Amino acid sequence: MRKLAEAVAKYIGMALGIHEEELDLLAKSFGEGSCQVRMTYYPACPEPERAVGMTPHADATGITLLTECGNVAGLQVLRKDNCWVTVPPVPGSIVVNLGQIIEVYSNGTYRAPDHRVVVNKEKERVSIATFCNPSPSLPVGPSPQLLAATGLPPIFQTLSNSEEFMQRFYSRKLLDAVPFIDSLKL
Ligand SMILES: O=C(O)CCC(=O)C(=O)O
Ligand SMILES: [Fe+2]
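Residues numbered from 1 in each chain as written. Chains lettered and ligands numbered in written order. Predicted model: local features only at pLDDT ≥ 70, side-chain atom pairs only at ≥ 80, totals over all residues. Heavy atoms only, no water.

### A word on the packing of aromatic side chains
Reasoning step 1: What the rule picks out here adds up to three aromatic pairs.
Reasoning step 2: Ring centres 5.1 Å apart and planes at 85 degrees place the aromatic pair Phe165 and Phe180 in the edge-to-face group. With a gap of 15 residues between them, Phe165 in helix α5 (residues 162-173) and Phe180 in the segment after α5 connect regions that are remote in the sequence.
Reasoning step 3: On the accessibility criterion, Phe165 (0% relative accessible area) is buried.
Reasoning step 4: With 5.4 Å between their ring centres and 80 degrees between their planes, Phe169 and Phe180 make a pair best called edge-to-face. Taken as a pair, Phe169 in helix α5 and Phe180 in the segment after α5 lie far apart in primary sequence, eleven residues in all. With respect to burial, Phe169 and Phe180 carry one shared label: buried.
Reasoning step 5: Site record: aromatic cluster; members linked through ring pairs are Phe165, Phe169, Tyr170 and Phe180. (Phe/Tyr/Trp six-rings, centres within 6.5 Å; stacked < 30°, edge-to-face > 60°. Helix = DSSP H or I, 4+ residues; strand = E, 2+ residues; numbered from the N terminus. Buried < 20%, exposed > 50% of the residue type's maximum accessible area, 1.4 Å probe, protein only.)

Pasting the structure below:
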């Protein structure tokens, strides 16, 4: 999963026009970073419209790699037009979701989408999410090359690394009604 996150990070960097040393640093930092795994079991629910599998949230991580076991739909993503759309499970596939560290790095070009999980009347569901973070070698802030190339001002603060990002996230989470990422906006 770490190798996959490294490759995805590299392609995201390339798509943003990042090159040379900064691209290597971005990819390497995912190759060396921490991965946390969350396995979630959603039992079948007789009244799915009255229950929630997982409440809406955006992942406060770098890149999330999700394996859905057993071909049961449940994951939904909030589209730009504010509609929840189901992500159809594809057997053997890995769903790549972007977390808020990539939203910050891309200065808002890539969004960390809100997503949630609904439960199923007949079938239980299991998912395995691997949250991949960059190592502390990567500051968490808008990409310097991206800002230079676009001439746009940074819309987020720069934190020294993903550990500081996570610490801030957890210390705010208890208080917060506003999305964490908004607290980093300049
Ligand atoms: O179970 C899923 O499909 C999604 C899980 C998820 O969003 C999470 O663990 O952050
Ligand atoms: Fe999530």
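Text resumes after the structure shown.
### Brief notes about the site of ligand 1
Reasoning step 1: Neighbouring ligand 1 are 13 residues, the closest being Arg38, Tyr42, His115, Arg125 and Ser127.
Reasoning step 2: Arg38 has a polar side-chain atom sitting 2.9 Å from an oxygen atom of ligand 1.
Reasoning step 3: Here an oxygen atom of ligand 1 and a side-chain polar atom of His115 are 3.0 Å apart.
Reasoning step 4: Here ligand 1 loses 98% of its free accessible area of 290 Å² to cover by the protein chains.
Reasoning step 5: Those elements that provide at least two residues to the shell around ligand 1 are β1 (35-42), β2 (54-57), β7 (115-117) and β8 (125-132).
Reasoning step 6: Considering every element that reaches the shell around ligand 1, the biggest residue donor is β8, with four residues.
Reasoning step 7: When grouped by side-chain class, the residues that make up the shell around ligand 1 number seven nonpolar, three polar and three charged. (Near = heavy atom within 4 Å. Polar contact = N/O pair within 3.5 Å; in protein donor to acceptor, adjacent residues only side chain to side chain. Areas by Shrake-Rupley, 256 points an atom, 1.4 Å probe, with all protein chains shown as cover. Nonpolar A, V, L, I, M, F, W, Y, C, P; charged D, E, K, R; others polar.)

### A look at the coordination of the iron ion (ligand 2)
Reasoning step 1: For the iron ion (ligand 2), the protein coordination sphere consists of His57 (NE2), Asp59 (OD) and His115 (NE2), at 2.1 to 2.2 Å.
Reasoning step 2: Every donor residue of the iron ion (ligand 2) comes from the same chain, spaced as H-x1-D-x55-H. Of this pair, Asp59 sits in the loop between β2 and β3 (63-69) while His115 sits in strand β7, and the two are 56 residues apart along the sequence. (Donors = N, O, S within 2.8 Å, 3.2 Å for Na, K, Ca; no water.)

### Notes on the UniProt feature "domain: Fe2OG dioxygenase" (unreviewed entry) in the protein chain
Reasoning step 1: What UniProt calls "domain: Fe2OG dioxygenase" (unreviewed entry) maps, in this numbering, to residues 33-134.
Reasoning step 2: Span residues 33-134 is 6% helix and 40% strand, its end C-alpha atoms 5 Å apart. (UniProt positions renumbered as here; feature names shortened; annotations may be inferred.)

### Concerning the sheet that holds β2
Reasoning step 1: The strand order across the open sheet formed by four strands is β2-β7-β4-β5, and the pairing between neighbours is antiparallel. A single partner strand is all that each edge strand has here, and the edge strands are β2 and β5 (84-86). The mean angle between the axes of side-by-side strands here comes to 25 degrees, regardless of whether they run parallel or antiparallel.
Reasoning step 2: Bridge count between strand β4 (residues 75-78) and β7: three bridges; the pairing is antiparallel. Directly across from Leu75, in β7, lies its bridge partner Val117. (Pairing = 2+ DSSP bridges. Axes fitted to C-alpha atoms, helices over the stretch in contact; angles between N-to-C directions.)

### A look at helix α1 (residues 2-15)
Reasoning step 1: Between its first and last C-alpha atoms α1 spans 20 Å; for 14 residues at 1.5 Å apiece the expected length is 20 Å, and the two agree.
Reasoning step 2: All of the buried residues in α1 are Ala5, Val8, Ala9, Ile12 and Gly13. For α1, the buried positions fall inside an angular range of 140 degrees around the axis, keeping them on one side. Away from its buried face, by an angle of more than 90 degrees, α1 presents the exposed residues Lys3 and Tyr11.
Reasoning step 3: If you follow the buried residues of α1, they end up packed against α2 (20-32), β3, β6 (95-98), α3 (100-105) and β8.
Reasoning step 4: In the segment just after α1, Gly17 is the residue with positive phi, at about 85 degrees. (Expected span 1.5 Å × (residues − 1). Arc of directions from axis to C-beta. Contact = heavy atoms within 4.5 Å.)

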